[in-house]
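If you want the building blocks of each chain, they are given just below.
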Amino acid sequence: MRAAVLRNGAMVVRDDVPEPVPVPGPGQVLVAVKACGICGSDLHFASHGEEMLAAGAEMEGMPDTLSGIDLATDVYMGHEFSAEILDAGPGTDAPAAGTIVTSVPVLVSPSGLEMIVYSNSTVGGYAERMLLSAPLLLPVPNGLDPRHAALTEPMAVGLHAVNTSQVQRGETALVIGCGPIGIAIIAALRYRGVETIVASDFSPTRRELAARMGAHVTVDPSQGSPFHRSTPAVVFEAVGAPGILDDVMRRAPAGTRVVIAGVCMQPDTVHPFFASAKQLSLHFVFGYDPAEFAESLRAIAEGDIDVAPMITGEVGLDGVAEAFADLSDPERHCKILVTP
């Protein structure tokens, strides 16, 4: 079987990957991958895997989902996928073979839960075939294009951020950063009926995409602060770079709810005084819950969220390495899909 894997910090294609299993186990299905989006977290792991593993090992209060990963061994990735069912394990209640499905990226196995994100053993969406858990499957409705269904996962991330903010229709929302996370947040804000959505990004291409996805106002921060163009009740920080959060805290109006959706992996410095003096509310978010995943698929399938403008490229497995490099240029791409 063919798959693109991370090896020594670079994506390479293997033709000798063992099939996931000859026959799926109970509760599992074997699927053929139809499409898989390249996530920014995959790009970051490829470049900064050691730092991510170290941060996960240091963090307390929750299980370390990155524990046990060996960067000296090939790493399977790909968690934004749609797929076609090929076979089901014995006694498994699953949709019929040929059904197009998607799923939260988790595999239930006899050894427990295995995240389909980064793994030395669990094959992800950058492969021809993979295993999924039948109870977690969501059939793709309405004849939705499998390429669009693959974007259910990143859109669920945006919906979770918006749900967490408790933003109301009449409030102004400001989105800082219009990469894939920011775009997903903008789409979710529009889906929730928010009447004033302001988007800020240095990139003209990203600002144009933000407008297509639902932003009412776009701002080039090199030409002036977005806080001078709006008085937001909610600010979404979707950049994830050092210094951004402190700048948001300094500029935001008193009482603002700040939702931090960008994942900053470097040490950062903030002035708590800004947040204390203005009584800002800060909420960090990550991922989504299964209900938000299902709602995102339904919204895409029913036309409430149009993800087509986000898809700016499509490659086969042989093109994954080049796609990883191309995604570093915000003027060229938002989301590249891998179609094995």
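That block above? That's the structure.
Treat the numbers as computed from the prediction; the structure is a model and nothing was measured.

Regarding the sheet that holds strand β14 (residues 234-237)
One key point about sheets: their strands pair by backbone hydrogen bonds, in either a parallel or an antiparallel sense.
And step 1. With respect to topology, six strands assemble into an open sheet ordered β13-β12-β11-β14-β15-β16, the strand pairing being parallel. Every other strand in the sheet has two partners, leaving β13 (217-219) and β16 (281-284) as the edge strands with one partner each. Each adjacent strand pair in this sheet contributes to an overall mean axis angle of 20°, direction not counted.
And step 2. Here strand β12 (residues 196-200) pairs with β13 via three bridges, running parallel. By the bridge assignment, V198 is partnered in β13 with V217.

Looking at unusual backbone geometry
And step 1. Although it is not a glycine, N142 adopts a positive phi angle of roughly 60°.
And step 2. Mapped onto the elements of the fold, N142 is located in the loop between β10 (137-139) and α2 (146-149).
And step 3. For N142, a relative accessible area of 59% corresponds to the exposed category.
And step 4. Of note in the backbone geometry, Q166 takes a positive phi value of approximately 55° without being a glycine.

Focus on the layout of surface pockets
And step 1. Size it by volume and the second largest pocket reaches roughly 270 Å³.
And step 2. Surrounding the second largest pocket, 14 residues form its lining, T65, S67, L113, E114 and M115 being those nearest its centre.
And step 3. Of the residues belonging to the lining of the second largest pocket, the class tally is five nonpolar, seven polar and two charged.

Things to note about the sheet that holds strand β1 (residues 3-7)
And step 1. As summarised here, the arrangement of the three strands in space is β2-β1-β4, forming an open sheet in which the pairing is antiparallel. The sheet is open, and its two edges are formed by β2 (10-14) and β4 (75-76), each paired on a single side.
And step 2. The pairing of β1 with β4 spans two bridges and is antiparallel. Bridge assignment links V5 to a residue of β4, and that residue is Y76.

Description of the pairing of strand β17 (residues 311-315)
And step 1. Sheet topology places β17 next to strand β18 (residues 335-338); four bridges connect them, and they run parallel. Following the sheet pairing, V315 is matched in β18 by V338.
And step 2. At this point the chain moves from β17, through helix α9 (residues 320-326), to the parallel β18, and the crossover so formed is right-handed.

Rules behind the numbers
Residues numbered from 1 in each chain as written. Predicted model: local features only at pLDDT ≥ 70, side-chain atom pairs only at ≥ 80, totals over all residues. Heavy atoms only, no water. Pairing = 2+ DSSP bridges. Helix = DSSP H or I, 4+ residues; strand = E, 2+ residues; numbered from the N terminus. Axes fitted to C-alpha atoms, helices over the stretch in contact; angles between N-to-C directions. Buried < 20%, exposed > 50% of the residue type's maximum accessible area, 1.4 Å probe, protein only. 1 Å grid on protein atoms, 1.4 Å probe; cavity = no way out; pocket = protein on both sides within 12 Å on 5 of 7 lines; lining within 4 Å. Points joined across faces, edges and corners; volume = space filled by probe spheres on them. Nonpolar A, V, L, I, M, F, W, Y, C, P; charged D, E, K, R; others polar. Right-handed = clockwise from strand over helix to strand, strands pointing away.

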